[in-house]
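This is what each chain is made of:
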Amino acid sequence: DAKTTQPNSMESNEEEPVHLPCNHSTISGTDYIHWYRQLPSQGPEYVIHGLTSNVNNRMASLAIAEDRKSSTLILHRATLRDAAVYYCILRDVSGATNKLIFGTGTLLAVQP
Amino acid sequence: NAGVMQNPRHLVRRRGQEARLRCSPMKGHSHVYWYRQLPEEGLKFMVYLQKENIIDESGMPKERFSAEFPKEGPSILRIQQVVRGDSAAYFCASSQQAVETEAFFGQGTRLTVV
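Everything numeric here is computed off the predicted structure, so don't read it as measured data.

The rules we used
- Residues numbered from 1 in each chain as written.
- Chains lettered and ligands numbered in written order.
- Predicted model: local features only at pLDDT ≥ 70, side-chain atom pairs only at ≥ 80, totals over all residues.
- Heavy atoms only, no water.
- Helix = DSSP H or I, 4+ residues; strand = E, 2+ residues; numbered from the N terminus.
- Rg over C-alpha atoms; globule rule 2.2 N^0.38 Å.
- Buried < 20%, exposed > 50% of the residue type's maximum accessible area, 1.4 Å probe, protein only.
- Contact = heavy atoms within 4.5 Å.
- Areas by Shrake-Rupley, 256 points an atom, 1.4 Å probe, with all protein chains shown as cover.
- Lys, Arg positive; Asp, Glu negative; His and termini not counted.
- Charge placed at Lys NZ, Arg CZ, Asp CG, Glu CD.
- Pairing = 2+ DSSP bridges.
- Disulfide = S-S within 2.5 Å.
- Buried area = accessible area lost by both parts, 1.4 Å probe.
- Salt bridge = Lys/Arg side-chain N within 4 Å of Asp/Glu carboxyl O.
- Polar contact = N/O pair within 3.5 Å; in protein donor to acceptor, adjacent residues only side chain to side chain.
- Axes fitted to C-alpha atoms, helices over the stretch in contact; angles between N-to-C directions.

1. Side note on the overall build of chain B
- A tally of helices and strands in chain B yields zero helices and eleven strands.
- For chain B, the sequential pattern of α-helices and β-strands runs β-β-β-β-β-β-β-β-β-β-β.
- Relative to its length of 114 residues, chain B is compact, with a C-alpha radius of gyration of 13 Å against a globular reference of 13 Å.
- Taken along the three principal axes of its C-alpha coordinates, chain B extends 40 × 25 × 25 Å.
- Within chain B, the fraction of its 114 residues that count as buried is 44%.
- At a minimum sequence separation of 6, the contacts of chain B that also span at least 24 residues come to 52%.
- Surface summary for chain B: the accessible area is close to 5900 Å², and the carbon and sulfur share equals 45%.
- If you average the places of the 16 positive and of the 12 negative side-chain charges in chain B, the two averages end up 9 Å apart.

Below you can see the structure in the form of structure tokens.
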């Protein structure tokens, strides 16, 4: 499975945008980029995913570099409830297994 | 449409006992995944199952751990002769067949071995 690299932690202020980076220089053509987050004492929660084009949903936006070697999760207005560990994961379409491989993620702290 | 249901939410077992963790996937989902999260650590993949089949068990410990997903009923993660090191949160996720769709996670079962 291709590896992703994320900062260990980031801080943001409430009501401000947050840009969470992810590097995946060894990404293959069949890898989808998935983002999940885990709030304290809860199970992981799907945030967004994409392949080549930028994606938007009600939770966030995903900006994917043209060469696909990096991506950025954008929370447009951080709230205290967005404090969580955010995981950037590559998921191979062509493989026999659909498993998600979690790294260490980015711990996002949101200050009021 | 109920989410992924795991039970029990909390389970306490004495060393040497058996632990059975249950996971009911979302309606229409035929793919189930089990993960373990040790205290202060990340999520580790254990096993991936489809109905009546184990597809990938590369993350399962070789001894004492087993998983099944029968044709009827929930998926079961079974840990025999539990030891203190098995204390962790165990999460189950389910998804539809297409790999590019999202996986939905349950709230987890927190196993404590005393």
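2. As for the overall build of chain A
- Scanning chain A for helices and strands turns up zero helices and nine strands.
- The C-alpha radius of gyration of chain A comes to 13 Å, within 12% of the 13 Å expected for a compact globule of 112 residues.
- Overall, the C-alpha framework of chain A stretches about 45 × 30 × 25 Å when taken along its three principal axes.
- For chain A, buried positions account for 46% of its 112 residues.
- About 5600 Å² of surface is accessible on chain A, with carbon and sulfur atoms providing 49% of the total.

3. Re the pairing of strand 6 (residues 53–56) of chain B
Residue and element names in this part refer to chain B.
- Relative to strand 6, strand 5 (residues 43–50) is paired through three bridges, and the arrangement is antiparallel. Among the inter-strand pairings, Leu49 is bridged to a residue of strand 6, identified as Ile54.
- Between the antiparallel neighbours strand 5 and strand 6 lie two residues, among them Glu52 with a positive phi of about 65 degrees.

4. Considering the state of the cysteines
- Taken as a whole, this structure holds two disulfides over all chains when the rule is applied.
- Put simply, A:Cys22 and A:Cys88 are joined by a disulfide, and their sulfur atoms are 2.1 Å apart. Taking the torsion about the S-S bond as the criterion, the A:Cys22 to A:Cys88 disulfide, at about -80 degrees, is left-handed. Of this pair, A:Cys22 sits in strand 2 (residues 18–23) while A:Cys88 sits in strand 8 (residues 84–92), and the two are 66 residues apart along the sequence.
- With relative accessibility at 1%, the residue A:Cys22 sits in the buried group.
- What makes A:Cys88 buried here is its relative accessible area of 1%.
- Two residues share a disulfide in this structure: B:Cys23 and B:Cys92, whose sulfurs sit 1.7 Å from each other.

5. Considering the interface of chain A and chain B
- Counting from both sides, the interface comprises 21 residues of chain A and, opposite them, 22 residues of chain B.
- For the chain A and chain B pair, buried surface summed over both sides reaches about 1800 Å², with 53% attributable to carbon and sulfur atoms.
- Applying the counting criterion to the chain A and chain B interface returns one salt bridge.
- For A:Lys99, the salt bridge identified is with B:Asp56, shortest N-O distance 2.9 Å.
- One can count seven residue pairs in polar contact (both at pLDDT 80 or more) joining chain A with chain B.

6. Quick word on the sheet that holds strand 6 (residues 61–64) of chain A
Residue and element names in this part refer to chain A.
- Read from one edge to the other, the open sheet built from four strands follows the order 2-7-6-5, with strand pairing classed as antiparallel. The strands lining the two open edges of the sheet, one partner per strand, are strand 2 and strand 5 (55–56).
- In this structure, strand 6 lies alongside strand 7 (residues 70–75), joined through four bridges in antiparallel fashion. Looking at the pairing, Ala63 lines up with Thr72 of strand 7.

7. Considering the sheet that holds strand 1 (residues 5–7) of chain B
All names here are of chain B.
- Judged by pairing direction, the sheet is antiparallel, and its four strands sit side by side in the order 1-3-8-7 without closing on themselves. At either margin of the open sheet sits one strand with a lone partner, and together these are strand 1 and strand 7 (65–68). The sheet shows a mean angle of 15 degrees between the axes of neighbouring strands, direction not considered.

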